[in-house]
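Chain by chain, the residues:
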Number of protein chains: 2
Amino acid sequence: MPTPKASAAALNASSEDAEAQFYEAMRDGDLERMMEVWADDDEVVCVHPGGARMVGPRAVRAAFEAVFAGGHIVVHPEHVKRVHSLGCAVHSVLERIDVVTADGPRSGWILATNVYVKTGLGWRMVAHHASPGGPDEIPEIADTPSVLH
Amino acid sequence: MPTPKASAAALNASSEDAEAQFYEAMRDGDLERMMEVWADDDEVVCVHPGGARMVGPRAVRAAFEAVFAGGHIVVHPEHVKRVHSLGCAVHSVLERIDVVTADGPRSGWILATNVYVKTGLGWRMVAHHASPGGPDEIPEIADTPSVLH
C-alpha cells in the first residue's frame, strides 16, 4: 500500500483516527506509522501480552520492532468501549487475533486498554496495555451486553 | 481505622488522592470505599489479572466483591509513571503484592494501568487494567531507569 499520508497521519483529528492508524500499523508491521501514533513523552507506557512495562518512546519502539520482526499481526479491534473527557480518550478494546496453527486457523482474544490525549500534533497514544484474554468466548462481563451497543 | 470521610472521599481533589483511596480500599477489602473511587459511567472498565473485562459499575463492583471475599490484598503501588492532560490522568503502576506461601513470605508484581478523569464529583477512576508481571525483578524496560525518578 502506498503511504503518501505520513505527515497527515501525524495529525489524527480524533482518538478513533489514531486508533485506526495504530491497528493498521500493527497489521502492516509498519514501525514508522506505529510510532507516529505515539505521543513524544518520556512517560508513555506500553505493555504487550505477558511482557514487561516499556516506558518512553525508545523502549516502546524497540518492543514493537521485536514484535514486527516476528511478522505482521492479523488483529481486529472489536467491542470497543470508550470514555471521553476533555482532551483525553480511553478505549477498551477486545482484540481478535487470527493465527494459523497445525490444526488450522484459530482466533484468540487480547484485552487492550488504549489511552489517547489531544496534543498540538493531533491525538496521540500515551498508553497501550494488553493482556491475554483466552481462546474462546468473548472475555467480558458487562452490566449491559455488548450486542446491544 | 475510623472512616468518617465517606462523603469527603467522594470528592478526591486529585488523581493521586483517588489512587490513594483505590489502594487503601484494596488493602482494607472495603467495597464501599472502592466503589466511591469509580466514575458512575456505563463504560468504566476493569480487568483483574488473568480475568475477563468487566464493563459498567455493577460488573466492576461484583468483581471486587469476589476479590475481597478471598481476603484483603497486601498491595503496594510503586514506580508510578504519570501522564496528565486537562481533566485526565493516566497512571502506570507496578503493584508489589506480598503473599505468604508454604516457603515463607514472597513478593510478586502486577502491572496496572489506572485512568482517572475529573468529574463534578472529584477525580474518579474510569479504567483499571491489571496483568501479571512475574515474581522477581521489576518488570520494566525504560528509556530512563526508574531509580532516577
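For the structure, check the block above.
Remember, it's a predicted structure, so these values are computed and weren't measured experimentally.

Enquirer: Now, about the relation of the copies chain A and chain B: what can you tell me, with residues and values included?
Expert: With an RMSD of 0.0 Å, chain A superimposes on chain B once it is rotated by 180° and translated 0.0 Å along the axis. Both chain copies can therefore be described as sitting about a two-fold axis. Both copies present the same face, since 100% of the interface residues in chain A are matched by interface residues at the equivalent positions in chain B.

Enquirer: Kindly report on the state of the cysteines, identifying the contributing residues and their values.
Expert: Tallied over the entire structure, the rule returns 1 disulfide over all chains. Here Cys88 of chain A engages in a disulfide with Cys88 of chain B; their sulfurs sit 2.2 Å apart. Residue Cys88 of chain A is found in strand β4 (residues 88–101), and its partner Cys88 of chain B is found in strand β4 (residues 88–101); the two belong to separate chains. Accessibility classification places Cys88 of chain A together with Cys88 of chain B in one group, the buried group. For Cys46 of chain A, which is in no disulfide, the shortest distance to another cysteine sulfur is to Cys88 of chain A and amounts to 17 Å. By relative accessible area, which is 0% here, Cys46 of chain A ends up buried.

Enquirer: Any chance you could break down the pattern of salt bridges for me, citing the residues and the numbers?
Expert: Residues and elements named next belong to chain A. Counted according to the given criterion, the structure contains 16 salt bridges over all chains. Among the salt bridges present, the one from Glu78 reaches Arg96, with a minimum N-O distance of 2.8 Å. Of this pair, Glu78 sits in strand β3 (residues 75–85) while Arg96 sits in strand β4, and the two are 18 residues apart along the sequence. For Glu78, a relative accessible area of 21% corresponds to the partly exposed category. Among the residues examined, Arg96 registers a relative accessible area of 24% and is labelled partly exposed. Taken together, the shared-partner salt bridges in this structure form one network comprising Glu24, Arg33 and Glu36.

Enquirer: Account for unusual backbone geometry, with residues named and values stated.
Expert: With a phi angle near 50°, His79 of chain A is a residue other than glycine that sits in the positive phi range. One can find His79 of chain A in strand β3.

Enquirer: Outline the layout of surface pockets, supporting the account with residue identities and numerical values.
Expert: All names here are of chain B. The space that makes up the largest pocket amounts to roughly 170 Å³. Elements with a minimum of two residues in the lining of the largest pocket: β4 and β6 (122–134). Its residues assigned to classes, the lining of the largest pocket shows 8 nonpolar, 2 polar and 1 charged.

Enquirer: Pulling in residues and values, what's your account of the pairing of β4 of chain B?
Expert: Residues and elements named next belong to chain B. As paired strands, strand β3 (residues 75–85) and β4 are joined by 9 bridges and run antiparallel to one another. Residue pairing across strands places Val75 opposite Ile97, the latter belonging to β4. Count of turn residues in the β3/β4 antiparallel hairpin: 2 residues, of which Gly87 carries a positive phi of about 80°. By the bridge criterion, 14 bridges tie β4 to strand β5 (residues 104–119) in an arrangement that is antiparallel. Bridge pairing in β5 links Glu95 to Ile110. Count of turn residues in the β4/β5 antiparallel hairpin: 2 residues.

Enquirer: So what's going on with helix α2 (residues 15–28) of chain B? Which residues, and what values?
Expert: All names here are of chain B. An ideal rise of 1.5 Å per residue puts 20 Å on 14 residues; α2 measures up with 20 Å between its terminal C-alpha atoms. Listed in full, the buried residues belonging to α2 are Ser15, Ala18, Glu19, Gln21, Phe22, Tyr23, Glu24, Ala25 and Met26. Once α2 finishes, Gly29 follows within two positions and takes phi at roughly 60°, a positive value.

Enquirer: Which residues make up the packing of aromatic side chains, and what are the values?
Expert: Residue and element names in this part refer to chain B. Tallied over the entire structure, the rule returns 8 aromatic pairs over all chains. Summarising the aromatic geometry, the rings of Phe22 and Phe64 are spaced 6.1 Å apart at their centres and angled 85° between planes, so their arrangement reads as edge-to-face. In this pair, Phe22 sits in helix α2 while Phe64 sits in helix α4 (residues 57–69), placing the two residues 42 residues apart along the sequence. Classification of Phe64 by relative accessible area gives buried; the value is 0%.

Enquirer: Break down the nonpolar core for me, with residues and values.
Expert: Among the nonpolar cores identified, the biggest contains 72 residues, and Trp38 and Phe64 of chain A together with Trp38 and Phe64 of chain B are the most heavily contacted of them. Sequence-distant contacts of Phe64 of chain B, that is, excluding residues within four places in its chain, are made with Phe22, Met26, Leu31, Met34, Trp38, Cys46 and His48 of chain B.

Here is what the cut-offs are and how they apply
- Residues numbered from 1 in each chain as written.
- Chains lettered and ligands numbered in written order.
- Predicted model: local features only at pLDDT ≥ 70, side-chain atom pairs only at ≥ 80, totals over all residues.
- Heavy atoms only, no water.
- Least-squares fit on C-alpha atoms with pLDDT ≥ 70 in both.
- Contact = heavy atoms within 4.5 Å.
- Disulfide = S-S within 2.5 Å.
- Helix = DSSP H or I, 4+ residues; strand = E, 2+ residues; numbered from the N terminus.
- Buried < 20%, exposed > 50% of the residue type's maximum accessible area, 1.4 Å probe, protein only.
- Salt bridge = Lys/Arg side-chain N within 4 Å of Asp/Glu carboxyl O.
- 1 Å grid on protein atoms, 1.4 Å probe; cavity = no way out; pocket = protein on both sides within 12 Å on 5 of 7 lines; lining within 4 Å.
- Points joined across faces, edges and corners; volume = space filled by probe spheres on them.
- Nonpolar A, V, L, I, M, F, W, Y, C, P; charged D, E, K, R; others polar.
- Pairing = 2+ DSSP bridges.
- Expected span 1.5 Å × (residues − 1).
- Phe/Tyr/Trp six-rings, centres within 6.5 Å; stacked < 30°, edge-to-face > 60°.
- Core = buried A, V, L, I, M, F, W, Y, C linked by side-chain atoms within 4.5 Å.

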